[in-house]
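In case you want the letters, here they are:
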Amino acid sequence: QVQLVESGGGLVEAGGSLRLSCRVSGNIFGIRAMGWYRQTPGQQRDLVAAITSGGSINYADSVKGRFTISRGNPRNTLYLQMDSLKPEDTAVYYCNAEVGSSGTGYSAYWGQGTQVTVSS
């Protein structure tokens with residue numbers, strides 16, 4: 001079973017920083033793309049940042065210049081460096097990955113989410 005586990009969320013003051021991490025585990029043979037999404041109650045889950053296996057990166061306009069997405073080494077890890085945090089960044093942040101596994105081929109998987117709260 002493919003599993004994504006996020007960590008690094010917490011409570012920070014406006015202007016502060018957090019670094020989110022995501023680890024993918026399971027019987028996998030490849031990861032095509034990974035991304036971070038966020039969701040607040042009553043709203044849809046929106047893209048924050050995404051990165052392909054080839055290194056192409058896409059950021060939401062609201063986080064450009066403040067957040068940085070990267071993949072680690074080993075390549076089953078994903079990071080989101082969040083700087084200059086604002087109260088409107090408060091949300092549950094979810095890791096997403098397009099993972100190829102021995103049982104099902106490529107499919108999108110979600111982590112359980114990690115809460116980020118930015119106080120003013």
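Residues numbered from 1 in each chain as written. Predicted model: local features only at pLDDT ≥ 70, side-chain atom pairs only at ≥ 80, totals over all residues. Heavy atoms only, no water.

So, about the side chain of Asn96. Positionally, Asn96 belongs in strand S9 (residues 91-101). Here Tyr109 takes part through its backbone oxygen, which lies 3.2 Å from a polar atom of the side chain of Asn96. Not counting residues up to four positions away in its chain, the partners in contact with Asn96 are Leu4, Ala33, Met34, Gly35, Tyr37, Ala108, Tyr109 and Trp110. (Helix = DSSP H or I, 4+ residues; strand = E, 2+ residues; numbered from the N terminus. Polar contact = N/O pair within 3.5 Å; in protein donor to acceptor, adjacent residues only side chain to side chain. Contact = heavy atoms within 4.5 Å.)

A few words on the packing of aromatic side chains. Inspection of the entire model under this criterion finds three aromatic pairs. With a centroid separation of 6.5 Å and an interplanar angle of 90 degrees, the aromatic rings of Tyr94 and Trp110 are classed as edge-to-face. Linking Tyr94 in strand S9 with Trp110 in strand S10 (residues 105-110), this pair joins segments that are 16 residues apart in sequence. Residue Trp110 is classed as partly exposed on the basis of its relative accessible area of 40%. In this structure an aromatic cluster arises from ring pairing among Tyr37, Tyr94 and Trp110. Sitting above the plane of the Tyr79 ring, Arg19 keeps its charged end 4.3 Å from the centroid. (Phe/Tyr/Trp six-rings, centres within 6.5 Å; stacked < 30°, edge-to-face > 60°. Buried < 20%, exposed > 50% of the residue type's maximum accessible area, 1.4 Å probe, protein only. Lys NZ or Arg CZ within 6 Å of the ring centre and 35° of its normal.)

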